[in-house]
Amino acid sequence: MNKFLSLIVVILMLGGNSYAEIKMIDTKRLFGTVVTNICVDGYKFVQVIDNRGEVVISLVQAFEERDGKSLPAKC
């Protein structure tokens, strides 16, 4: 019974990720790579893709300084 309940909890925790809202803000080509700014659930991320567009090299969340604190940048 405990295994069954644990399985249900894990499924419910992983199921919520499929509802994320993702938008592309802009795309630029720099030195043979593609740099894309994307908006995921209202927060800005920077994604670097190889020159063929096949492999994501890096995905980093953008931050900004507000009132002397480093906070995630909003779209």
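Residues numbered from 1 in each chain as written. Predicted model: local features only at pLDDT ≥ 70, side-chain atom pairs only at ≥ 80, totals over all residues. Heavy atoms only, no water.

Draft legend 1. Local environment of the overall build of the chain. In terms of regular secondary structure, the chain is built from 1 helix and 6 strands. Listing every helix and strand of the chain by position from the N terminus yields α-β-β-β-β-β-β. Against the 2.2 N^0.38 benchmark of 11 Å for 75 residues, the chain shows a C-alpha radius of gyration of 17 Å, more extended than a compact globule. Along the first, second and third principal axes, the C-alpha atoms of the chain reach 55 × 40 × 15 Å. Counting every position in the chain, which comprises 75 residues, the buried fraction comes to 13%. Expressed as a percentage of contacts within the chain between residues at least 6 apart in sequence, the contacts between residues at least 24 apart total 14%. (Helix = DSSP H or I, 4+ residues; strand = E, 2+ residues; numbered from the N terminus. Rg over C-alpha atoms; globule rule 2.2 N^0.38 Å. Buried < 20%, exposed > 50% of the residue type's maximum accessible area, 1.4 Å probe, protein only. Contact = heavy atoms within 4.5 Å.)

Draft legend 2. Molecular detail of the environment of Val10. The topology assignment puts Val10 in helix α1 (residues 2-15). The exposure class assigned to Val10 is partly exposed, which follows from its relative accessible area of 43%.

Draft legend 3. Region of the structure containing the sheet that holds strand β3 (residues 43-49). Across the sheet, 4 strands lie side by side as β1-β2-β3-β4; this open sheet has antiparallel pairing. The open sheet has two edge strands, β1 (22-30) and β4 (56-61), and neither has a second partner. Averaged over neighbouring strand pairs, the angle between their axes works out to 20° when direction is ignored. In this structure, strand β2 (residues 33-40) lies alongside β3, joined through 7 bridges in antiparallel fashion. Bridge pairing links Cys39 to Lys44 in β3. (Pairing = 2+ DSSP bridges. Axes fitted to C-alpha atoms, helices over the stretch in contact; angles between N-to-C directions.)

Draft legend 4. Region of interest: the side chain of Gln47. Among the secondary structure elements, Gln47 is positioned in strand β3. Residue Gln47 is classed as buried on the basis of its relative accessible area, which comes to 17%. Discounting chain neighbours no more than four positions away, the residues touching Gln47 are Val34, Val35, Thr36, Ile38, Val56, Ser58 and Leu59.

Draft legend 5. View of the environment of Arg66. Residue placement: Arg66 occurs in strand β5 (residues 63-66). Note on Arg66: relative accessible area 31%, which makes it partly exposed. Each C-alpha atom, one on Arg66 and one on Val55, is 33 Å from the other, the two residues being 11 residues apart in sequence. A distance of 2.9 Å separates the side chain of Arg66 from the backbone oxygen of Pro72, its partner in a polar contact. (Polar contact = N/O pair within 3.5 Å; in protein donor to acceptor, adjacent residues only side chain to side chain.)

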